[in-house]
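Residue-level listing of the chains:
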Amino acid sequence: QVQLVESGGGLVQPGGSLRLSCLASGFTFRERAMSWYRQAPGKERELVARILSNGGVTNYADSVRGRFTVSRDNAKNTVYLQMNSLKPEDTAVYYCNAGSYFSYTYYSAYWGQGTQVTVSS
């Protein structure tokens, strides 16, 4: 049974930091690209950050580049999202995603249940 279980969300003040974790099971974690998406109320789900299976290449949404860092530990089947200098507009439900690239096209395979991040004073 495939599972992606996010943790680490919560309420934080503007300028603060949070670290999200996503523990994967039920598939070969090291073979999958891993991504973080987010969805704010009334908005579409958007890609925040992605890291390839070997951890060698990452990409970020323009809105978070320089503030967020995605990383993975293949020995622990876990992907992380370190979020610094948080802003109220970062408030959203954050989702963990696993997928693969074929011919330069990304195909999503599995989703987590999401964790709420709220940035407010």
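None of these values were measured; they are calculated from a predicted model. (Residues numbered from 1 in each chain as written. Predicted model: local features only at pLDDT ≥ 70, side-chain atom pairs only at ≥ 80, totals over all residues. Heavy atoms only, no water.)

**Digging into the pattern of salt bridges**
Here is step 1 of the chain: If you walk through the whole model with that rule in mind, you get four salt bridges.
Here is step 2 of the chain: For the salt bridge of Asp 62 with Arg 65, the shortest nitrogen-to-oxygen distance reads 2.6 Å.
Here is step 3 of the chain: Between Asp 90 and Arg 67 there is a salt bridge, and its shortest N-O distance comes to 2.8 Å. Residue Asp 90 is located in the loop between strand S8 (78–83) and strand S9 (92–102), and its partner Arg 67 is located in the loop between strand S6 (58–60) and strand S7 (68–73); the two are separated by 23 residues in the primary sequence.
Here is step 4 of the chain: Here the residues in one salt-bridge network are Arg 38, Glu 46, Arg 67 and Asp 90, joined through shared partners. (Salt bridge = Lys/Arg side-chain N within 4 Å of Asp/Glu carboxyl O. Helix = DSSP H or I, 4+ residues; strand = E, 2+ residues; numbered from the N terminus.)

**Concerning the packing of aromatic side chains**
Here is step 1 of the chain: Inspection of every chain in the model, using the stated rule, returns five aromatic pairs.
Here is step 2 of the chain: A connected cluster of aromatic rings, assembled from ring pairs, spans Tyr 37, Tyr 95 and Trp 111.
Here is step 3 of the chain: Over the aromatic face of Tyr 80 sits the side chain of Arg 19, whose NZ or CZ is 4.0 Å from the ring centroid. (Phe/Tyr/Trp six-rings, centres within 6.5 Å; stacked < 30°, edge-to-face > 60°. Lys NZ or Arg CZ within 6 Å of the ring centre and 35° of its normal.)

**Observations concerning the pairing of strand S11 (residues 115–119)**
Here is step 1 of the chain: Residues Thr 115, Val 117 and Val 119 point to one face of S11 and are all buried, whereas Gln 116 and Thr 118, pointing to the other face, are not buried.
Here is step 2 of the chain: In the sheet, strand S2 (residues 10–12) pairs with S11 via three bridges, with the strands oriented parallel. For Leu 11, the partnering residue across the bridge sits in S11 and is Thr 118.
Here is step 3 of the chain: Here S9 pairs with S11 via three bridges, running antiparallel. If you follow Tyr 94 over to S11, its bridge partner there is Thr 115. (Buried < 20%, exposed > 50% of the residue type's maximum accessible area, 1.4 Å probe, protein only. Pairing = 2+ DSSP bridges.)

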